[in-house]
Amino acid sequence: MQPSTCISSDAWPNSVAGHFSDVCALRWLLPLVLALSASAQPADYVYTAVDGKVTITGYFGNGRVATIPSTIDGLPVTAIGSLAFFHRSSLTNVTIPDSVTSIGSYAFARCTLLESITIPDNLTNIGDAAFADCTTLASIRIPSSVTMIGVGVFAASTNLAEITVDEDNPAYRSVDGVLCNKSLTTLIQCPEGKSGSYSIPDRVIRIGDRAFASATRLASVSILNGVLSIGDSAFIGCASLTSVIIPSSVTTIGETAFLACLKLVSVGISNGVASIGKAAFYDCPSLAAITIPSSVVRIGDYAFAGCTSLAAITVDAGNSNYGSVDGVLFDKSLTTLIQCPGGNTVRYTVPNKVISIGDYAFHSCVSLTSVTIPNSVKFIGNGAFHSCTSLANVYFEGTRPSLSGETVFGCSCDLTIYYLPDALSWRSTFGGRPTAVWRPQILPRDSGFGIQANPFEFTIRWARGKTVVVEASPSVVDSLWSPVGTNTLADGSSYFSDPQWASHPTRFFRLRSP
């Protein structure tokens, strides 16, 4: 009997990594138990026998072809257990006997050279991700006795172009190589090797979870009126998908539904969608604009985060739950800033009514260099400025707000936090970043700096509503400074003009608060 081996946990999918130590322990223990309880077993297999039935739990052969026996020690082999053939990358062909009725989760996952597999007619159950990441598998046939197929059975099997189902199957059906339920009301799995354009069959009312996941060759999908819901991760990783029109019948877009659709440029969200799930359009770097219809009552966290080209999120004026100002998404009362689109602006000033900045609100605003936050803001959510790689300055017009954790400024940027001289409760750091006193500034690189039609002019920037006195002097000696203007910065900036500058051989300017 060959000794069992364990695969490094780095090679396991995240959803099963937590069971790694238990599985490894089982694979070492079973050969010892079986040696005592069974007279013989095939050298390449580890198994358990319960109630006179055998489940294959491990395979350690090195050949390219595996023919699973129908009996071991006179007992029928009825199941292929979870992870039994996981990551057996040398396998190209597998034959499963008619005695097997169940294939467990991840049973053949990461068999990257697997070209064909013979599935028996008596099979009834196929577990989650059973054939995930079988990148060479080109087609597969679902026999008539299969009544349960798990989630993501063929996920990341990028060469799979066709799934066929026996006509007598009572639970499933295939149309143009796409797996559906028998009544064609739910589209379960489009094989990832399908390319070009695809139209959803007209009887479908639900696009299932992960139905088009990682279908990287699909350029467009036509969703017909009649579809009611788009499931979680339905189009996740469709890297070639460029546009989607969502019909008025759709009411729900699931979590991470279009995550990492790298070429997705436009989305029509029709006036029928009520719910947009968490991270639904996360990391769609080509998406340029999006409109939220009046029907939407719920938008999940960071639904549009990571959309680095997104210039504006526009909300229909009739929406009773959400609003937008200058392309930024808010709640209807404009007290919570939900999402600043990634391609929005270089410099942004949060409106005065805002009380809360939501989780990941400025996520991946890669062009953003400075943000001004009003005294009204009392709370900043987790990861609010995550991946803002150009952010250099954040200016606070009031007291120190509360933070949700220390990952608010999770970016590899040289960032300084500024607060007003009379503001209370500030410390030497904020959210792990250094702080400094914020004083009024003359902008020497502003386009209005210098001689403008005879007067000498410049822009002053500071906190909104503050008053700044401009003083002038023929030298830098303190006793010679005198006021030449008082400016109130209603919107955080003001333009100063000195028509008498030419009367002085030398003229210096400075700012102070009264």
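Structural notes, computed from the coordinates. Keep in mind that what you see is a predicted model, and the values were worked out from it rather than measured. (Residues numbered from 1 in each chain as written. Predicted model: local features only at pLDDT ≥ 70, side-chain atom pairs only at ≥ 80, totals over all residues. Heavy atoms only, no water.)

**A few points about the nonpolar core**
Line of reasoning, step 1. Core analysis: the largest hydrophobic core is formed by 49 residues, its most contacted members being F212, F235, F258, I276, F281 and F304.
Line of reasoning, step 2. Every element with two or more residues in this core is listed here: β14 (178-181), β18 (218-222), β20 (243-246), β22 (266-269), β24 (289-292) and β26 (312-315).
Line of reasoning, step 3. Setting aside chain neighbours within four positions, we find F304 in contact with I276, F281, I290, I292, I299, L310, I313, L329 and Q339.
Line of reasoning, step 4. One finds V394, Y395, L415 and L489 within the second-largest nonpolar core, a separate group that totals 47 residues. (Core = buried A, V, L, I, M, F, W, Y, C linked by side-chain atoms within 4.5 Å. Buried < 20%, exposed > 50% of the residue type's maximum accessible area, 1.4 Å probe, protein only. Helix = DSSP H or I, 4+ residues; strand = E, 2+ residues; numbered from the N terminus. Contact = heavy atoms within 4.5 Å.)

**Looking at the pairing of strand β32 (residues 370-373)**
Line of reasoning, step 1. Neither face of β32 is open: one carries S370 and T372, the other V371 and I373, and all of them are buried.
Line of reasoning, step 2. Pairing between strand β30 (residues 347-349) and β32: 3 bridges, direction parallel. Note that in β32 the partner of T349 across the bridge is T372.
Line of reasoning, step 3. Taken together, the 4 bridges between β32 and strand β34 (residues 393-396) define a ladder with parallel strand orientation. Paired with V371 across the strands is V394, a residue of β34. (Pairing = 2+ DSSP bridges.)

**Details of the environment of V484**
Line of reasoning, step 1. Within the secondary structure, V484 sits in strand β43 (residues 482-489).
Line of reasoning, step 2. Separated by 223 residues in sequence, V484 and C261 place their C-alpha atoms 57 Å apart.
Line of reasoning, step 3. Non-local contacts of V484, meaning those with residues more than four positions away in its chain, are made with V470, E471, A472, F496 and R507.

**Observations regarding the sheet that holds β30**
Line of reasoning, step 1. Overall, mixed pairing links the 6 strands, which are arranged β30-β32-β34-β36-β38-β37 in an open sheet. Unpaired on one side and paired on the other, β30 and β37 (429-430) mark the two borders of the sheet.
Line of reasoning, step 2. Summarising the sheet, β37 and strand β38 (residues 433-437) pair through 2 bridges and their orientation is antiparallel. Note on β38: the bridge partner recorded for F430 is R433.

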